[in-house]
Amino acid sequence: MITNIGTIFAQSEEGKEVTVRGWIHRHRSSGNMVFAVIRDHTGILQVTVKKDKVSEKDWKSSNDAYVESSLIVRGTVKKDERAPGGLELQATGFELISRGEPFPIAKDLSEEYLMDIRHLWTRSQKISSIMKARHHIVNYLREFFISEEFYEVAPPIITKSGCEGGSTLFEMDYFGEPAYLTQSSQMYAEVFVFSLGKVFVLAPSFRAEKSRTKRHLAEYWHLEPEMAFYDHKMNMELQEQMVRYVVEKMLKEHSELLKTCGRNPLDLEKIKDPFEKIDYKVAVERVNEFGGKMEWGEDFGADEEALLTKDQERPLFVEKFPKAIKSFYMEEDPKNPEVVLANDLLAPQGHGEIIGGSERIWDYDKLLARMNEQNLDLKNYQWYLDLRKYGSIPHSGFGLGIERVVKWMLDLDHIRDTIPFPRTINRCYP
Ligand code: ATP
Ligand code: MG
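Report on the accompanying structure. All values derive from a computational prediction rather than experimental measurement.

**Quick look at the overall build of the protein**
Scanning the protein from N- to C-terminus turns up 14 helices and 17 strands. When the backbone C-alpha atoms are referred to their principal axes, the protein occupies close to 85 × 55 × 40 Å. Within the protein, the proportion of its 430 residues that are buried is 50%. For the protein, long-range pairs separated by at least 24 residues make up 67% of all intrachain contacts whose partners lie at least 6 apart in sequence. Within the protein, one finds 58 positive and 69 negative side-chain charges whose respective centroids are separated by 6 Å.

Laid out in structure tokens, this is it:
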């Protein structure tokens, strides 16, 4: 029977005979002793192999092993203060499953090289811890929406039209006709508010982002809820409730993992109070006050968002943006037609935008007028207009970038480490 390394520590299996299956994490030999640290998906364990305690074949194997050789080790668990976690395995058997070749990753390699061998670097403790945390975050997001009685729906990835502006569309040849990889599934999510009430999509979105930043990917995972009969205010309340849910779950269930990934859980404890809400107008004033320079009508870039959030302990809502810098489908503020009922949610400590949401225009004529104003090619959007023709209703929704949330929650410097194979302007390999 195989025992997971995590179980050995959890049950403190001191004195027990166990068999562990895994990979060599670190390795050194000195005379009659081999020291190895081995890992499986649950943890790492120090192993000592003494020449006189194992067969000749196993002794040879333990000396021949490379970093990342796969193996099966049998032995007795002993207390050892110096070992990571205070336990070590004294081997009685050491069998290589595959010795392999010398592993190409050692210390002090450039970030570029690590990206070239990403398929192997994913085995590192750093990336595997982040992938575990990402799994839990996505899981809690789903759990939240399912507990709120949302249905998950499946959108198409290949589309005829974008909804976030033509400059970041990836065009493809669809049997001789142009088509695009989707920038957002929002319009398809909207279809379902008429039959399912509250829905969400979790799917990739594609943006041909032409600049290099620490928070843009060309392919990212996009969570897009859409809710029948929700207005702008209810939309923001839901966003806040969702963020709070995931943060609380991560703190309660995975605070050690947060620490391993580099996030101090105490920072996340602070977000319990209600999130501050400011109008775009106030946000612009703040940016200028904090040493930035922008005018009404301009959009926030990373620098402006960093200024707005660097001293914030909680996420910050910015709402009521100028119509001109937001998408065509956003409802005007009845009190001020210059601005739309849209919000961004900015993560604290400089991380910036994690969510963009809005109340959607639900009146046919209004939507048509806005689309004409923006010179959209109506034939590709006829179906979307149709939704407003037959029993239209007020509705709202938002889009959350999974990688942006992971970057913030784990306090990572760069978005590339939040996804196994980041796609950026200069990389689509491996
Ligand atoms: P930004 O201003 O940061 O480019 P955006 O306003 O273009 O973002 P939206 O179109 O509102 O973003 O998309 C909704 C959410 O999707 C964003 O709040 C963000 O979390 C995420 N997102 C957008 N573009 C990217 C990208 N290129 N890579 C990763 N996540 C993204
Ligand atoms: Mg963008």
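**Digging into the nonpolar core**
Within the largest apolar cluster, 42 residues are counted, with the highest numbers of intra-cluster contacts made by Phe145, Leu223, Met242, Val243, Trp408 and Met409. Excluding residues that lie within four positions of it along the chain, Trp408 makes contacts with Val243, Val247, Arg263, Leu268, Ile271, Pro315, Ala347, Pro348, His351 and Ile354. Counting 27 residues, the second largest nonpolar core, distinct from the first, contains Ala283, Val284, Tyr329 and Val340.

**Regarding the pattern of salt bridges**
This model, assessed by the stated rule, comprises 33 salt bridges. A salt bridge links Arg416 to Glu111, with the shortest nitrogen-to-oxygen separation between them at 3.5 Å. Highlighted residues: Arg416 in the segment after helix H14 (402-409) and Glu111 in helix H3 (residues 111-116), separated in sequence by 305 residues. When its relative accessible area of 23% is taken as the criterion, Arg416 is described as partly exposed. Judged by its relative accessible area of 30%, Glu111 falls in the partly exposed class. Between Glu403 and Arg134 there is a salt bridge whose closest N-O contact spans 2.9 Å. Placement of the pair is Glu403 in helix H14 and Arg134 in helix H5 (residues 125-147), with a sequence separation of 269 residues. Pair check on accessibility: Glu403 and Arg134 agree, each one buried. Within the structure, one salt-bridge network assembled from shared partners comprises Arg39, Glu68 and Arg123.

**Examining the site of ligand 1**
Taken together, 16 residues form the shell around ligand 1, and within it Arg207, His216, Leu217, Glu353 and Ile354 come nearest. Between an oxygen atom of ligand 1 and a side-chain N or O atom of Glu353, the distance comes to 2.6 Å. When the free accessible area of ligand 1 is taken as 590 Å², the share hidden by the protein chains comes to 87%. Here ligand 1 is seated within the largest pocket. For the shell around ligand 1, the secondary-structure elements that each account for two or more residues are strand E11 (219-228), strand E16 (352-359) and strand E17 (395-401). It is E16 that contributes the most residues to the shell around ligand 1, four residues altogether. The residue inventory of the shell around ligand 1, partitioned by class, reads five nonpolar, five polar and six charged.

**Some remarks on helix H11 (residues 302-309)**
Turning to H11, its buried residues are Glu304, Glu305, Leu307, Leu308 and Thr309. Of the surrounding elements, those touching the buried residues of H11 are helix H10 (280-289), strand E13 (316-322), strand E15 (336-347) and E16.

**A look at a nonpolar patch on the surface**
On the surface, Ile158, Tyr174 and Phe175 cluster together into a nonpolar patch covering about 360 Å² of accessible area. Following the sequence through the fold, Ile158 ends up in strand E7 (residues 158-159). Taking the relative accessible area as the measure of exposure, Ile158 reaches 39% and is therefore partly exposed.

**Here's the deal with the packing of H10 against H11**
It is at 9 Å that the axes of H10 and H11 come closest, and there the two elements cross at 90°. Viewed along their axes, H10 and H11 adopt a mutual orientation that is roughly perpendicular. Seen from H10, the contacting residues are Ala283, Arg286 and Val287; seen from H11, they are Glu304, Leu307 and Leu308. Grouping the amino acids of the contact of H10 with H11 by side-chain chemistry returns four nonpolar, no polar and two charged.

**Observations concerning the layout of surface pockets**
A water-sized probe, rolled over the atoms, reveals where empty space remains. Each pocket or cavity is described by its volume, and for the largest pocket that value is around 1,200 Å³. Forming the boundary of the largest pocket are 50 residues, of which Glu164, Arg207, Glu209, Ser327 and Glu353 lie nearest the centre. Going through the elements one at a time, E11, E16, E17 and H14 are the ones with two or more residues in the lining of the largest pocket. Per element, the largest residue contribution to the lining of the largest pocket is five residues, and it comes from E16. Tallied by class, residues from the lining of the largest pocket come to 17 nonpolar, 17 polar and 16 charged.

**Regarding the pairing of strand E5 (residues 87-98)**
The pairing of strand E3 (residues 43-50) with E5 spans three bridges and is classified as parallel. Looking at E5, one finds that Val47 is bridged to Leu89. Sheet topology places strand E4 (residues 70-79) next to E5; ten bridges connect them, and they run antiparallel. Considered in E5, the bridge of Lys78 is made with Glu88.

**A look at the pairing of E3**
Within E3, six of the eight residues are buried, which leaves it mostly tucked inside the rest of the structure. Relative to E3, strand E2 (residues 33-40) runs antiparallel, the two sharing eight bridges. Bridge pairing in E3 places Val37 opposite Gln46. The turn joining E2 and E3, which pair antiparallel and follow one another in sequence, is formed by two residues.

**Focus: the packing of H5 against H14**
Relative to each other, H5 and H14 sit at 120°, their axes nearing to 10 Å. Viewed along their axes, H5 and H14 adopt a mutual orientation that is oblique. Where H5 crosses over H14, the two elements pack in a sense that is right-handed. Here H5 contributes Ile130, Arg134, Ile137, Val138 and Leu141 to the contact with H14, which in turn contributes Ile402, Glu403, Val405, Val406 and Met409. Here the contact of H5 with H14 is built from residues that sort into eight nonpolar, no polar and two charged.

About the cut-offs
- The written sequence of each chain sets the order in which its residues are numbered from 1.
- Labels are handed out in written order, letters beginning with A for the chains and numbers beginning with 1 for the ligands.
- At least 70 in pLDDT is required for a residue's local features to be given in this predicted model, at least 80 for side-chain atom pairs to be given and counted, and no such filter applies to totals for whole chains, interfaces and linings, which use all residues.
- The basis for the side-chain values is all heavy atoms of the structure; hydrogens and waters are excluded.
- Secondary structure elements are defined from DSSP: runs of H or I of at least 4 residues count as helices, runs of E of at least 2 residues count as strands, and each element is numbered from the N terminus.
- The classification of residues rests on relative accessible area computed with a 1.4 Å probe and restricted to protein chains. Under 20% of the type maximum is buried, over 50% is exposed, and intermediate values are partly exposed.
- Here, two residues are considered to be in contact whenever any of their heavy atoms come within 4.5 Å of each other.
- Think of it this way: Lys and Arg go in the positive column, Asp and Glu in the negative one, and His and the chain ends go nowhere.
- Where a charge sits is defined by one atom per residue type, namely NZ (Lys), CZ (Arg), CG (Asp) or CD (Glu).
- We call a set of buried residues a nonpolar core when its members are Ala, Val, Leu, Ile, Met, Phe, Trp, Tyr or Cys and they connect through side-chain atoms within 4.5 Å of each other.
- Salt-bridge detection follows one rule: a side-chain nitrogen of Lys or Arg within 4 Å of a carboxyl oxygen of Asp or Glu.
- A single heavy atom is enough: if one lies within 4 Å of a molecule or strand, its residue is considered near that molecule or strand.
- Under this definition, polar contacts are N or O atom pairs within 3.5 Å; protein pairs additionally need one hydrogen-donor-capable and one acceptor-capable atom, and for neighbouring residues in sequence, both atoms have to be side-chain atoms.
- Only the protein chains shown count as cover for residues, and the accessible areas themselves come from Shrake-Rupley with a 1.4 Å probe.
- Only protein atoms enter the calculation, which uses a 1 Å grid: trapped sets of points that fit a 1.4 Å probe without letting it out are cavities, open sets showing protein on both sides within 12 Å along at least five of seven lines are pockets, and any residue with an atom within 4 Å of a point is a lining residue.
- A cavity or pocket is said to hold a molecule if more than half of that molecule's atoms lie within 2 Å of its grid points.
- For this classification, Asp, Glu, Lys and Arg are treated as charged, while Ala, Val, Leu, Ile, Met, Phe, Trp, Tyr, Cys and Pro are nonpolar and the rest, including Gly, are polar.
- Without a salt bridge and with relative accessible area above 30%, a residue can belong to a patch; like charges are then joined within 9 Å and nonpolar side chains (Val, Leu, Ile, Met, Phe, Trp, Tyr) within 5 Å.
- Simply put, an axis is a line fit to the C-alpha atoms, just over the touching stretch for a helix, and the angle between two N-to-C directions goes from 0 to 180 degrees.
- Working rule for angles: under 35 degrees goes down as roughly parallel, over 145 as roughly antiparallel, 65 to 115 as roughly perpendicular, anything else as oblique.
- Grid points are joined across faces, edges and corners, and a volume is the space filled by probe spheres set on the points.
- Being paired, for any two strands, means DSSP has found at least two bridges between them.
- Here a crossing is taken to be left-handed if its near helix is turned anticlockwise relative to the far helix by less than a right angle, and right-handed if that turn runs clockwise.

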